[in-house]
Amino acid sequence: MATVSAPSATSSQKKPRLSFWQIWNMSFGFLGIQFGFELQNSNVSRIFETLGANKDDIPILWIAAPVTGLLVQPIVGYLSDRTWSPRWGRRRPFFLIGALLASLALVFMPNSSALWMAGGMLWIMDASINISMEPFRAFVGDKLPSEQRTAGFAMQSFFIGVGSVIAALLPWVFTNWLGMSNTAPAGEIPPSVKWAFYVGAAAFLASVMYTVFTSTETPPEDMEAFRAENAKVGMWDGLRESFAGIFQMPAAMRQLAVVQFFTWFALFSMWIYATNAVTSNIYNMRVDASLYQTLKGQIMSSRLAGDTGGKEMDGLRQDIKEIDQFQADRADKIITLNMANYGLSKGQLSGEDKATVQRVQQQYNDGADWLSLCSSVRNGVAAVFAFIIPLIAARTSRRRTHMLCLLIGGLGLVSLKFIDNPQFIIVSMAMVGIAWASILSMPYAILAGSLPPNRMGYYMGVFNFFIVIPQIVAATILGFFTTHLFQGNTLNTLVLGGASMVLAGLLTLRVRDDDDTHVAAVMENPGYETPPLTNPKS
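The structure displayed is predicted, hence computed values, not measured ones.

Criteria and cut-off values
Residues numbered from 1 in each chain as written. Predicted model: local features only at pLDDT ≥ 70, side-chain atom pairs only at ≥ 80, totals over all residues. Heavy atoms only, no water. Patch = residues over 30% accessible without salt bridge, like charges linked within 9 Å, V, L, I, M, F, W, Y side chains within 5 Å. Areas by Shrake-Rupley, 256 points an atom, 1.4 Å probe, with all protein chains shown as cover. Salt bridge = Lys/Arg side-chain N within 4 Å of Asp/Glu carboxyl O. Helix = DSSP H or I, 4+ residues; strand = E, 2+ residues; numbered from the N terminus. Buried < 20%, exposed > 50% of the residue type's maximum accessible area, 1.4 Å probe, protein only. Contact = heavy atoms within 4.5 Å. Axes fitted to C-alpha atoms, helices over the stretch in contact; angles between N-to-C directions. Parallel < 35°, antiparallel > 145°, perpendicular 65-115°, else oblique. Left-handed = near helix turned anticlockwise from the far one by under 90°. Expected span 1.5 Å × (residues − 1). Bend = angle between axes of the 7 residues up to and from the residue. pLDDT = per-residue confidence, 0-100. Phe/Tyr/Trp six-rings, centres within 6.5 Å; stacked < 30°, edge-to-face > 60°.

*Asks:* Residues and numbers for a nonpolar patch on the surface, please.
*Replies:* Together, Leu104, Val107 and Phe108 line one region of the surface with nonpolar side chains, adding up to about 280 Å² of accessible area. Counting through the fold element by element, Val107 comes out in helix H5 (residues 92-108).

Dropping the structure here:
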């Protein structure tokens, strides 16, 4: 097989230490990237349910995200390793292209009028975000010496945390501060969610453009050798080696891959099911048995009358089947947002029953908004903890730091099972935030030291297989587990995710980290140069 490695830009050069503001500038784009990811993670399940998806359909609809990552990330990593523009550099062209496409996708996503359209937009949006995000990881490895990488990835984690805080808050802010409605007629996305996506699109583009125009890149050391190597092999060779790279990983990368698998399985279970779990179990979406029977009768009568309603009616019939199966002995029934929307738009209900169904719809959207606010707290904790992580790692090690953070996050997910008061969700999400800060920095800081400089983007793309593969596994099996093992209770699915994160933490102790520079000298030197005067534009 022909090799596809490209000569390093800095393979025989000592990388210069960067100032605080240089690390700030090169990481700032992650602020906008995380606007996109957080709006996706916090709101896509809500959008799917609003457009008529049954909770059992949501994992399969979400599979778009990991599949696009599986395809896009190694391709973008390969291409960015082999790109050089005298004006734009190696990674920055991909930052810019991805930002333009993702911003457009963020505008179109909340305007989806059908479930298939929202599913398709998720494919486009996730692919576009990945075009920008993947080269950012390699950017740190390109520019920073080993002793600054932890600080570099921690700075990325800070911006990821800040972007996530603001993005997760937006629907709640638009409703509670600006007076926008958080409900809408059946099949329509609430205005508060739409405007959150519009603001996210603007923030994504602006922050990535800031990094593009305030950061520089080092050209290949031997430009002629770089061009000659590029001419030897084509795209097919690159794709073949990208997917073959999973069998050629360095030892530390293989060990980290197992940790990543169980970590991201846990995170995906949270992103898929947290909205349903919180609104169904902690908020009041219950109606008495007589109202449930009324809704059930009208839905089934519509079917008999020939109103198949496509995917919407399929979802409603599945809702009824699960309620009859798992809530048969309950005097009151937890109904779904789909049933509430049907009752308000097509049902023939008395004034009292209609008020009850409106309460269910409001409770769902209030719960979704509160979960977004709690997710904002989670991300705020992550932003702050991103600067504490290097200090802990300096006194212990990167492995032990990551293990501790994952254990705390896993217990946070499990704790949701024992919460009755929505206020305490904040504590659970804060615990997950500690894990999130480490997830976004420690694995990459450990990995970067074990990779050859000229293949940093390539291996970062291969490494991300172990972010997307567990998500594909989760999307494939979690629906089955939820229905057949957990009796339709998505809160138990989150407990499974928490257990998976705890296991990932324990497995971190198996990871070899020969490049760990956690000695006390790191405490004396915070990871960046601090000249008397620093210029944010330098």
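*Asks:* Describe the pattern of salt bridges, listing the residues and the values that go with them.
*Replies:* Side chains that differ in charge, positive against negative, can pair when their charged atoms come close. With the rule as written, the count across this model stands at 12 salt bridges. When the shortest N-O distance is used, the salt bridge between Glu38 and Arg378 registers 3.2 Å. One end of the pair, Glu38, is in helix H2 (residues 29-50); the other, Arg378, is in helix H15 (residues 351-395), and 340 residues separate them in sequence. Across the pair, exposure class does not vary: Glu38 and Arg378 are buried alike. Across the pair Asp314 and Arg317 runs a salt bridge, and its minimum N-O distance is 2.4 Å. Of this pair, Asp314 and Arg317 are both found in helix H13 (residues 311-326), 3 residues apart, which corresponds to roughly one turn of the helix. Among the ionic contacts, a cluster of salt bridges with common partners joins Asp81, Arg91 and Asp142.

*Asks:* Lay out the side chain of Lys55 with the relevant residues and their values.
*Replies:* Along the chain, Lys55 falls in the loop between H2 and helix H3 (58-62). Ignoring any residue separated from it by four or fewer positions in sequence, one finds Lys55 in contact with Tyr273, Asn276, Glu322, Gly488 and Thr490.

*Asks:* Describe the packing of H2 against helix H11 (residues 251-281), listing the residues and the values that go with them.
*Replies:* Two elements in contact, H2 and H11, have axes separated by 8 Å at closest approach and are oriented at 60°. When the axes of H2 and H11 are compared, the pair comes out oblique. Taken as a pair, H2 and H11 cross one another with a handedness that is right-handed. On H11, the residues touching Asn41, Ser42, Ser45 and Glu49 of H2 are Trp271, Ile272, Thr275 and Asn276.

*Asks:* With reference to specific residues and values, describe the environment of Ile425.
*Replies:* Within the secondary structure, Ile425 sits in helix H17 (residues 425-439). Ile425 gets classed as buried once you look at its relative accessible area, which sits at 0%. Residues Ile425 and Gly412, spaced 13 residues apart in sequence, show a C-alpha to C-alpha distance of 9.2 Å. Those residues in contact with Ile425 that sit more than four places away from it in its chain are Val278, Ile282, Trp370, Leu371, Cys374, Leu416 and Ile419.

*Asks:* How would you summarise helix H4 (residues 64-81) if you had to cite specific residues and measurements?
*Replies:* An ideal rise of 1.5 Å per residue puts 26 Å on 18 residues; H4 measures up with 26 Å between its terminal C-alpha atoms. Along its length, H4 reaches its greatest deviation from straightness, about 25°, at Leu70, and the proline Pro74 lies no more than four positions downstream. Among the 18 residues of H4, 14 are classified as buried, and the element is accordingly described as predominantly covered.

*Asks:* Run through the confidence of the model for the chain, naming residues and quoting values.
*Replies:* Looking at the chain as a whole, the pLDDT averages 85, with 88% of positions reaching at least 70. Looking across the chain, the model is least confident in helix H22 (residues 521-524), with a mean pLDDT of 37, and most confident in helix H21 (residues 490-507), with 98. The low-confidence segment residues 1-12 (pLDDT under 50) makes 45 contacts with residues lying over four places distant or belonging to another chain.

*Asks:* Break down the packing of aromatic side chains for me, citing the residues and quoting the values.
*Replies:* Pairs of aromatic rings are described using the distance from one ring centre to the other and the angle between the two planes. All chains considered together, the criterion is met by 24 aromatic pairs. Between Phe28 and Tyr210, the ring centres sit 4.7 Å apart and the planes meet at 55°, which makes this aromatic pair tilted. Of the two residues, Phe28 is situated in the loop between helix H1 (20-27) and H2 and Tyr210 in helix H8 (residues 191-214); the sequence distance between them amounts to 182 residues. Both rings, one in Trp264 and one in Trp436, keep their centres 5.9 Å apart while their planes meet at 70°; by these two values the pair is edge-to-face. You can see Trp264 sitting in helix H11 and its partner Trp436 sitting in helix H17, a full 172 residues away along the chain. Comparing Trp264 with Trp436 shows no difference in burial state: the two are buried.

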